[in-house]
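Residue-level structure breakdown
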Amino acid sequence: MNLTEYARYDALGLARLVADKQVTPSELARTASSAIAAVNPAVNAVVETYPDRIDALDEKTLGSGPFRGVPFLMKDVFGHEAGRKIEFGSRLCRGMKAEQDTYFCQMLRAAGVNILGRSAAPEYSMAGTTETALYGNTSTPWRQGYCAGGSTGGGMAAVIAGMVPIAHGSDIGGSIRIPASFCGGVGLKPSRGRVSFGPMLDEGGYGLAQNFVQTKSVRDAAAMLDCLALPQPGDPFIIPRPAQPYAALAATPAPALRIGWSTRGLMGFDADPEVAAAIKRTAQALAELGHRVEEESPQLDGLAAMRSMMDVWFFGFDLRLAGYSKRSGHAIGPDTLEPVIFRIYQYARQMKAEQFLSAMLALNAARRQLGEYFTRHDVWLSPTTARVAEPWGNYNLGRADVSFEELPQKIFRPVCEFTLPHNIMGTPAISLPLVMHSTGLPIGVQLAAGPANEHLLLQLASALEASMPWADRVPPLHVSKLK
């Protein structure tokens, strides 16, 4: 199998070749390694590969699920696989290793994927761009030197550049969907509680975060949701799921839905005119599919909500870093933390409990206000990001010229204003690469539904994938184009 042929398949396509004995998991692993070697120098999406999962792969260790043998990358965050390095994109955590498996990792292995490496992420996943002092900057495969998004920029860039067909993603403010927007892939953030965070945590980010994957096809996202939406022992709550598998539902038309659409930024950051036009075009396409579509924007003071989110994100961050420092043997300071993260660490050290509690109350009020939208609409259509990918340096964590007070407007607002509401609500949202910008960069279109309604998003996404297809688009930084 050559690299061009390999990169043509989505994850289920490669799994079918394995099931039909047209290729072995070991051959796929070696091909993925060759793909990474070919394109990663230009994209910088992969920070480590595992020789024991490539040249020395024991195929008997692979799970028997629908993705058996498919190459997969784990994001450099949290630590999901015991014994593997987990550095959080930070010099403070250099060489640190995960101490136990997560349920998420166990479910991935049962799904059959071959976890053969680690993808890049910004320091502690606290940026909408993947640029780090530890491993350098990750490019969108559409233009070198332009953001891949964050915090799962490495995983999404690797998928779209043809290194692997599927990769781990996590999302606490848009970190699955922003890279999908900037790189031109499919990024689904599941509902709160859909995918277990156990056994180390009840929930990620006090319920604001979710783990899932980055893909290039809707069917891969649907099939992987079937593998990962499995309640685990001791999970704090179990949310409803449809009677049929997500993969089956994604292949059937959605019922007639009430769809609201908007392009008004909730933090006052105006959408690029071509991004706004893409949303209007998608709204028209959905109307032609038989849905009732009308323009309406939710009401929310997005900047105030962002400030509350920060007090939730950062409460206890100093204690977390102290633990990492003890494990890694590196001291906390400006030589081991990027400037923005060091400011956050200093802020966290002087936070009071009442700040956290007040922030949680404010997010509850914001959740109730946003939730009103879904009493009138089944789905909210919006941009994923107000702009397409921009050059490196605009909102990375290495900026020494940004004070803590300026973080909401200068670091988070440009990328989070359309994604953040769904982390606050815990509602599912998906970014689709339906339209290209005149600059040659992808535009992310976001669909969001009420709690536990991932199946509706997958049904709409499948219909849009058929009517506004993207599978034949190949970026300049792709394994099929680099010699």
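Refer to the preceding data block for the structure.
Structural notes, computed from the coordinates. All values derive from a computational prediction rather than experimental measurement.

**Quick notes on the overall build of the protein chain**
Secondary structure summary: the protein chain contains 17 helices and 15 strands in total. Against the compact-globule benchmark of 23 Å for 483 residues, the protein chain has a radius of gyration of 21 Å, which places it among compact chains. Classification of the 483 residues of the protein chain by burial places 63% in the buried group. Taking as baseline every contact in the protein chain between residues at least 6 positions apart, the subset at least 24 positions apart corresponds to 79%. A total accessible area of about 17,100 Å² is found for the protein chain, and carbon and sulfur atoms account for 52% of it. If the 45 positive side-chain charges of the protein chain are averaged to one point and the 45 negative ones to another, these points end up 1 Å apart.

**So, the state of the cysteines**
Linking two cysteines covalently via their sulfur atoms produces the bond known as a disulfide. Applying the stated criterion to the full structure yields zero disulfides. Of all cysteine sulfurs, the one in Cys 105 lies closest to Cys 93, which takes part in no disulfide; the gap is 19 Å. Under the relative-accessibility criterion, Cys 93 is labelled buried at 0%. No disulfide involves Cys 105; its sulfur sits 14 Å from that of Cys 227, the nearest cysteine.

**Regarding empty space enclosed by the protein**
Under the definition given, this model contains three cavities of 30 Å³ or more. Quantified by volume, the largest cavity comes out at close to 110 Å³. If you go around the largest cavity, you meet 14 residues; those closest to its centre are Gly 193, Val 195, Phe 197, Asp 202 and Glu 203. Volume-wise, the second largest cavity comes out at about 80 Å³. Those elements that provide at least two residues to the lining of the second largest cavity are strand S2 (71–75) and strand S3 (114–119). Here the lining of the second largest cavity is built from residues that sort into six nonpolar, two polar and five charged.

**Side note on the nonpolar core**
Counting 99 residues, the largest nonpolar core has Phe 67, Phe 212, Met 224, Leu 432 and Leu 447 as the members making the most contacts within it. With residues near it in sequence (within four places) discarded, Met 224 still touches Phe 67, Leu 108, Ala 111, Val 113, Ile 166, Phe 212 and Val 213. Ala 98, Leu 300, Leu 370 and Phe 374 belong to the second-largest nonpolar core, a separate cluster that totals 60 residues.

**Some remarks on the packing of helix H2 (residues 11–19) against helix H7 (residues 218–228)**
Direction vectors running N to C along H2 and H7 enclose 70 degrees, while the axes themselves pass 8 Å from each other. Looking at the two axes, H2 sits roughly perpendicular to H7. Where H2 approaches H7, its residues Ala 11, Leu 12 and Gly 13 are matched on the opposing element by Arg 219, Asp 220 and Ala 223. Taken together, the residues of the contact of H2 with H7 sort by class into three nonpolar, one polar and two charged.

**Focus on the layout of surface pockets**
Counted as a void, the largest pocket has a volume near 1,000 Å³. As for the largest pocket, its lining consists of 46 residues, of which Phe 78, Leu 201, Gly 205, Arg 320 and Tyr 324 are closest to the centre. For the lining of the largest pocket, the secondary-structure elements that each account for two or more residues are strand S8 (166–171), strand S10 (210–215), helix H10 (302–314), helix H11 (317–328) and helix H15 (407–416). Of the residues forming the lining of the largest pocket, the biggest block, four residues, is contributed by H11. Partitioned by chemical class, the residues of the lining of the largest pocket number 24 nonpolar, 15 polar and seven charged. Of the volumes computed, that of the second largest pocket is approximately 450 Å³. For the second largest pocket, the lining is made up of 25 residues, of which Ala 7, Lys 216, Ala 471, Asp 472 and Arg 473 are closest to its centre. Those elements that provide at least two residues to the lining of the second largest pocket are helix H1 (3–8), helix H5 (153–160) and strand S14 (429–436).

**A short note on the sheet that holds strand S11 (residues 258–261)**
With respect to topology, eleven strands assemble into an open sheet ordered S1-S3-S2-S8-S10-S9-S14-S15-S13-S11-S12, the strand pairing being mixed. The sheet terminates laterally at strand S1 (46–49) and strand S12 (292–295), the two strands that pair on one side only. The sheet shows a mean angle of 30 degrees between the axes of neighbouring strands, direction not considered. By the bridge criterion, five bridges tie strand S13 (residues 379–383) to strand S15 (residues 442–449) in an arrangement that is antiparallel. For Ser 382, the partnering residue across the bridge sits in S15 and is Gln 446. Of the strands in this sheet, S11, S12, S13, S14 and S15 are in contact with helix H9 (residues 273–288), which crosses S13 at around 150 degrees.

Reading guide: rules and limits
Residues numbered from 1 in each chain as written. Predicted model: local features only at pLDDT ≥ 70, side-chain atom pairs only at ≥ 80, totals over all residues. Heavy atoms only, no water. Helix = DSSP H or I, 4+ residues; strand = E, 2+ residues; numbered from the N terminus. Rg over C-alpha atoms; globule rule 2.2 N^0.38 Å. Buried < 20%, exposed > 50% of the residue type's maximum accessible area, 1.4 Å probe, protein only. Contact = heavy atoms within 4.5 Å. Areas by Shrake-Rupley, 256 points an atom, 1.4 Å probe, with all protein chains shown as cover. Lys, Arg positive; Asp, Glu negative; His and termini not counted. Charge placed at Lys NZ, Arg CZ, Asp CG, Glu CD. Disulfide = S-S within 2.5 Å. 1 Å grid on protein atoms, 1.4 Å probe; cavity = no way out; pocket = protein on both sides within 12 Å on 5 of 7 lines; lining within 4 Å. Points joined across faces, edges and corners; volume = space filled by probe spheres on them. Nonpolar A, V, L, I, M, F, W, Y, C, P; charged D, E, K, R; others polar. Core = buried A, V, L, I, M, F, W, Y, C linked by side-chain atoms within 4.5 Å. Axes fitted to C-alpha atoms, helices over the stretch in contact; angles between N-to-C directions. Parallel < 35°, antiparallel > 145°, perpendicular 65-115°, else oblique. Pairing = 2+ DSSP bridges.

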